[in-house]
Structure formats: structure tokens, C-alpha cells
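# What the coordinates show
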Amino acid sequence: MKYPLINEDYRPEAVVLAGGDYPRHPVPLHLLDNAPYLCCCDGAAVELLEHAITPQAIVGDGDSLPAFFREHYAGIVHIYSEQEDNDLTKATRFCMAKGYRRIAYLGATGKREDHTVGNISLLARYRSEMQLNVTMITDHGYFVPIRGYAELESFQGQQVSIFNLGCSQISAEGLKWEPYAYQQWWQGTLNEATGQRILLHGDGNLVVFRTYNRK
């Protein structure tokens, strides 16, 4: 599978805004302003509307929404009280039910560190179990889940971090340092692209982070 560079030309089918740090970088802000379909986790809804952006849907367990807010926006608020999945996954399932397969996540990092780690790890689940093409976009770069062979568009000096979520073998071309089946998450961080593409293969799940800018 080919994974393009993420910039203002990137066009997902749907955008999900989570309740972490509100985007500030031009790329996620552009995606937020131009989302073809915008689904907001309930924890982010109040701040989004303060920025004069109204989503097509607000999804979650409702515990972050004041009662008056739920009443005022009743037409777009969708409450799912089960607690097996978090609000990011509830929003993902909601978008899936509408037929969207290429989804971008914004505001999914920051604030609570445990939420950040959990949200990033969910990308592998969305890729493997739900067969979705997903990207998590931050103010510094973007995460993509990979399984098997992948071609990642890149540029010389781009910073690349590889997080191993179960591979016993990892190989690559186009990186400054040859990857291996990392046993600790920190071991795969701070690699660097040497050219315009990275050929990456893992026999399990990986999550890869790429920066917008070169080192």
C-alpha cells in the first residue's frame, strides 16, 4: 500500500475531531475547515463550536456535554452509552456506517497522556480489524498504521519514528538506520528518510510517524 505525504492537498472522506489539543498547525486546520464530512467526539464539541465550525455529527457517551448543549444540538448529537469503546472508536464506527473508509483524525493527541497513547495504538486496530485507511494528524506530523509491505512517500531529512506493535521482523529501504523488530517503543524513534520514498515491511502491526519538516 502507498502512503502519501500529508499536506493541505490531502483529501480524506471524513474527518474526526477528538478532545485532545485543538489543532494549530496549518495542515490540520485546513483539513478541519475543508472536511467533506466532519464528525466530532463529544469532548471536543464545545471548543469546535467556539471556533464557529459546526460538524455534521457529534458522537460519544455524552458525559462531556452540558444538558443545554445536548438539547440545543439534538439533531446532530448521537449518544452511545456503552463503555467498551472510547469516543474515538464510536466516532469511527459512526463514520463507517455512513460508508467512509478513508478517515483523518485531528485533536487526538495532547492533554491526557494516557488518552494520547491509547488513541495512537487504536490506529492499528482500525487498519487490521476494520480495514480502514486512517491517518492521525497532529501539529508536528502524522501517524499511519501499517501491516505488511508499504511504500511511504518522503523527502530527505524527514524524521521518521516506527512503533512496533507485534512484528517479529521489520525491514526497510530509504532510512538512515536499518530498522529491526524493536522490543521497546523508544528504539524505533528518530530515524531519518534519505530520499523520496521509504519501502517498509513488517510481519505484524506497525505505527509510523512522519514529520512535516526535515530535521
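Look up a bit, the structure's there.
Figured I'd write up the structure that's included with this text.

Conventions used here
- Residues numbered from 1 in each chain as written.
- Predicted model: local features only at pLDDT ≥ 70, side-chain atom pairs only at ≥ 80, totals over all residues.
- Heavy atoms only, no water.
- Helix = DSSP H or I, 4+ residues; strand = E, 2+ residues; numbered from the N terminus.
- Buried < 20%, exposed > 50% of the residue type's maximum accessible area, 1.4 Å probe, protein only.
- Salt bridge = Lys/Arg side-chain N within 4 Å of Asp/Glu carboxyl O.
- Core = buried A, V, L, I, M, F, W, Y, C linked by side-chain atoms within 4.5 Å.
- Contact = heavy atoms within 4.5 Å.
- Arc of directions from axis to C-beta.

Before going further, it helps to spend a moment on unusual backbone geometry. You will see that glutamine 131, though not glycine, has its phi angle at about 60 degrees, which is positive. Position of glutamine 131 among the secondary structure elements: in the loop between helix 5 (113-128) and strand 7 (133-137). Residue classification places glutamine 131 among the exposed residues on the basis of a relative accessible area of 51%. Positive phi outside glycine occurs at leucine 190, with the angle close to 60 degrees. Inspection of the secondary structure puts leucine 190 in the loop between strand 10 (170-173) and strand 11 (191-192). The class for leucine 190 is exposed, based on a relative accessible area of 63%.

Under the defined criterion, the tally for this structure stands at eight salt bridges. Its salt-bridge partner being lysine 2, residue glutamate 153 comes within 3.7 Å of it at the nearest N-O pair. With glutamate 153 in strand 8 (residues 141-153) and lysine 2 in strand 1 (residues 2-3), this residue pair connects regions lying 151 residues apart in the sequence. A relative accessible area of 25% places glutamate 153 in the partly exposed class. Put simply, arginine 197 and glutamate 151 hold a salt bridge, and the shortest N to O gap is 3.8 Å. On the criterion of sequence distance, the pair formed by arginine 197 in strand 12 (residues 197-214) and glutamate 151 in strand 8 is long-range, its members being 46 residues apart. In this structure, a network of salt bridges that share partners links the residues Asp85, Arg93, Arg125 and Glu129.

Judged by nonpolar contacts, the single largest core of 27 residues is most densely connected at Val16, Cys39, Leu88, Tyr105, Tyr126, Met136 and Phe143. Looking at this core, the elements that each hand over two or more residues are strand 2 (14-17), strand 3 (38-41), strand 4 (57-60), helix 4 (87-97), strand 6 (102-106), helix 5, strand 7 and strand 12. In contact with valine 16, not counting residues within four places along its chain, are Cys39, Cys41, Leu88, Ala91, Cys95, Ile103, Ala104, Tyr105 and Leu106. Counting 26 residues, the second largest nonpolar core, distinct from the first, contains Tyr10, Leu32, Cys40 and Leu106.

Our next topic: helix 2 (residues 42-50). All of the buried residues along helix 2 are Asp42, Ala44, Ala45, Leu48 and Leu49. End-on, the buried residues of helix 2 take up no more than an arc of 130 degrees, which puts them together on one face. On its buried face, helix 2 sits against strand 2, helix 1 (26-33), strand 3, strand 4, helix 3 (67-72) and helix 4. Backbone geometry just after helix 2 places alanine 52 at a positive phi near 65 degrees.

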